[in-house]
Structures are given as C-alpha cells and as structure tokens.
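A structural walkthrough
Here is how the chains run, residue by residue.
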Amino acid sequence: MLEQKILNIKTRATGDIKKSQSEKGLFDLRVKYLGRKSEFNKILKSLKNLSLEEKKKIGPLANAVKKEIGEEIKNAEKIIKSKINLETEKIDVTAPGKKIKRGHLHPLTIVQNEIEDIFTSMGFEIADGPEVETEFYAFDALNIPKNHPARDAWDTFWLKPMNNEQRTMNNNKPVASDRLALRPHTSPVQARYMRKHKPPFRIIAPGRCFRNEATDSSHEHTFNQFEALVVGDDINAGHFKYVGQEFFSRFFKKELKVRLRPSFFPFTEPSFEFDISCVVCGGKGCSICSQTGWLEIGGAGMVNQTVFEAVGYPRNRYQGFAWGFGVERLAMMRYKIDDIRLFYSGDLRFIDQF
Ligand SMILES: [Zn+2]
C-alpha cells in the first residue's frame, strides 16, 4: 500500500519534470515533491510507526526514490541552462572580426639589419662579442693607456669584482685578475676576433654599448655602435674611403662624398674623423649641416701596430683599417628623429611610426 503510494509519487514527479520548461518550474517541483510539506516527506515521517519488517522494506525504497527525483530535477535543470546559453550566446558569423595588431621591428633593428645587409653584400662577416667585457679587451688590447679617462668610473660602468661567496659558488675556479665592465664600445670584438683568426679578413661588429654619462637629446647611457675592421697585407686608407663612400651612398640611397680629417684614437695610427656630404642639401649648406655641407659621422683609422702586437700578430706584418659609428645617429638621420632618448623610451606613440 505505502509502497504503491511511493511509486505513484515517482511516476507523477517524472511526468511533471519532463513537462517542465523553465528553471522556476523545476524549482516549484522540487518544493512540491521533496519539500518539507511534500506528500513524500509525510510518508518518510510516518515510517517510524511501521513494523520493523515494513521499515526494512519501505525505508530503502523511499530513500532511493527521493534520490532519483532529486537527480531527475538536477538533469532537467542542466538541459534548460544549456538551452538558455545557446539562445543568448548566438554567434554572428557576419560580424567584423577584431583586428589583431601586427608587430614590427624597432627602428634601430631595421637600421642595423640594413647595415648588415650592405656590408655582407660587400663580403664582410658579422662578428659578435660579450656585452660584459674584461679590462684587457676593453682597453689594454686597444692600446688605451692605464691613465686614460675612459678607464675612470665616471665614463665606464665597472662591475663589482667577485666576493668570496661568489668565488665559492664559482667552484673556486681562479678569478681573472681583470676587472669587468659593461663594454663602452664595440672595439673589443676586434681584438677578440683577431686573436682567433689570421688575416686577411673583413668583419663588422654591431652591438650594444654602455657609458656612464648624463643623458640628453644626443647622449644615452645605452647605445648601439657599429664597428668595421679590414686587415690584410696591403690594406690602406684608400680602401677605407671607398668602403665608407659605398656604404653611405647605399644606406642613404644617393651618391655621397666622404671627407677625412686628422684625429687621434689610441687604437689607430693615423686616425681620422670622417664626414659625409650632407644628405639633406647635398653639400650646398643647410641648417642640418650648420651650413658646412658636411655631416660628422664617426671615427676611423689604420689599425695601430701596437694593437696587432697585443693580439699576437708580428709588428708591421699586416695593415688594416678600423672604423666605428653610432647606429642611433644613422637612424636619427634616416628618420629625422631629434632625440636619442626616444629609442629606449618604450613610448608606443613613437615606436608605432615605424
Ligand atoms: Zn646640409
């Protein structure tokens, strides 16, 4: 009798749940069939009046049915929810897509790639060196005397020598007596390359350099230099002049003249500053070139025989020219940028123009 009653409730509940179309309807059914005032709850309460034998029979049945009804309601709720999601989350395949912004190269990278392309097309090899450099390669090998101001902490970022703890972590390997510095120029790459290679060769060494200086519109503590080195039996200043003129004419895509002026660098002998004819006025004189018709570009010279000796070449056996300039300066001339600090500012309004 009670058993039949329970099964009837189950049949009615299943029927109602199937018919129900909304979350609210299902909530009401849960109250109706499983709530405190439900018929089913009354039956469960009355179980205590039954004989032990009946309790054993009806109890598990009642619990099982209660559980089944609860699960049926839960499943029905899930189905209704997924239907609602489908209706509200319609995809309009004709709607225009969100545009993904395309990345691009930094202006300094663009310029450096171009420089590398021009030089490799002239048969130059690209050499690389560390940004943390020893005092030997940064200065001694380049014939820069011990008392030169570049060795001062005012000009160069020196790194702290290893302390005892770091030495222990370094497996007690002997520590070079050399001081370490962030390289103030790319010239150490010349010395490193020459120690491992025999002339003849022509290389370029582009890379980042660091100097301890106050920054302004034309000075940065971090900048990119560019170094060229050609060594052979009879390399002379005429070769340099030709390579310089050829490079700048290709870089600025117009015929340019090159001018050499005497100068001094410890690692070259003789040394010269070199200028190119103004890329704006073509040499007539304008505000960019201060009416001179020339633009100062960088330093160069014939490699000092003392530098050759320092890397293990016999004195007066080879001749070569070395040449360096700032990549930023070229980029600034190419793109008419008036402040060097913009390159590393991270300002997207600037960067996005390239
Ligand atoms: Zn000019």
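Just above sits the structure.
The structure contained in this document is the topic of the report that follows.

On to the environment of L2, then. If you trace the backbone, L2 turns up in helix α1 (residues 2-19). Considered as a pair, L2 and E54 are 52 residues apart in the sequence and their alpha carbons are 9.6 Å apart. Excluding its chain neighbours within four sequence positions, the residues that come into contact with L2 are I43, L47, L50 and I58.

A turn of α-helix holds 3.6 residues, and therefore any two residues three or four places apart point the same way. Taking 1.5 Å per residue, 37 residues should reach 54 Å; helix α4 (residues 52-88) reaches 54 Å between its end C-alpha atoms and fits that length. A bend of about 25° at I58 is the largest found in α4, and the proline P60 appears one to four places after it.

The buried count for strand β5 (residues 222-232) comes to 11 of 11 residues, which makes it a mostly enclosed element. Pairing of strand β4 (residues 201-210) with β5, which is carried by 10 bridges, proceeds in the antiparallel orientation. Its bridge partner being in β5, R202 is matched across the sheet by V230.

So, on to the coordination of the zinc ion. Coordination of the zinc ion by the protein is provided by C278 (SG), C281 (SG), C286 (SG) and C289 (SG), with metal-donor distances spanning 2.2 to 2.3 Å. Coordination geometry of the zinc ion: the four donor atoms subtend angles of 103 to 113° at the metal centre, consistent with an arrangement described as tetrahedral. All donor residues of the zinc ion come from one chain, and their arrangement in sequence is C-x2-C-x4-C-x2-C. This pair shows no difference in class: C281 is buried, exactly as C286 is.

Quick look at the sheet that holds strand β1 (residues 125-126) now. Spatially, β1-β4-β5-β9-β8-β7-β6 is the arrangement adopted by the seven strands of the open sheet, whose pairing is mixed. For this open sheet the edge positions go to β1 and β6 (258-265), each flanked by a neighbour on one side alone. Relative to strand β9 (residues 319-326), helix α9 (residues 237-251) is tilted by about 30°, and along the sheet it contacts β6, β7 (268-277), β8 (294-303) and β9.

Glancing now at the pattern of salt bridges. Counted according to the given criterion, the structure contains 17 salt bridges. Between E3 and K57 there is a salt bridge, with its nearest N and O atoms 3.5 Å apart. One end of the pair, E3, is in helix α1; the other, K57, is in helix α4, with 54 residues separating them in the sequence. Classification of E3 as partly exposed rests on a relative accessible area of 32%. On the basis of relative accessibility, which here comes to 56%, the residue K57 falls in the exposed class. For the salt bridge of R192 with E133, the shortest nitrogen-to-oxygen distance reads 2.7 Å. Placement of the pair is R192 in helix α8 (residues 188-196) and E133 in strand β2 (residues 132-134), with a sequence separation of 59 residues. The partly exposed category is assigned to R192, whose relative accessible area is 26%. We classify E133 as buried; its relative accessible area is 1%. Residues joined in a network through salt bridges with shared partners are K10, E68 and E72.

With that settled, consider the nonpolar core. The biggest cluster of nonpolar side chains holds 45 residues, and the ones touching the most others in it are I115, F119, F247, F248, I276, W323 and L330. Sorting the residues of this core by element identifies α5 (107-121), β5, α9, β7, β8, β9, α11 (327-335) and α12 (348-351) as the ones contributing at least two each. Dropping the residues within four chain positions of it, W323 is found in contact with F119, F226, E227, A228, F240, V243, G244, F247, F248, F274, G299 and A300. Membership of the second largest hydrophobic core comes to 27 residues, among which are Y137, V189, F201 and Y318.

The rules behind each value
Residues numbered from 1 in each chain as written. Predicted model: local features only at pLDDT ≥ 70, side-chain atom pairs only at ≥ 80, totals over all residues. Heavy atoms only, no water. Helix = DSSP H or I, 4+ residues; strand = E, 2+ residues; numbered from the N terminus. Contact = heavy atoms within 4.5 Å. Expected span 1.5 Å × (residues − 1). Bend = angle between axes of the 7 residues up to and from the residue. Buried < 20%, exposed > 50% of the residue type's maximum accessible area, 1.4 Å probe, protein only. Pairing = 2+ DSSP bridges. Donors = N, O, S within 2.8 Å, 3.2 Å for Na, K, Ca; no water. Tetrahedral: all angles 85-135°; square planar, octahedral: opposite > 155°, others 65-115°. Axes fitted to C-alpha atoms, helices over the stretch in contact; angles between N-to-C directions. Salt bridge = Lys/Arg side-chain N within 4 Å of Asp/Glu carboxyl O. Core = buried A, V, L, I, M, F, W, Y, C linked by side-chain atoms within 4.5 Å.

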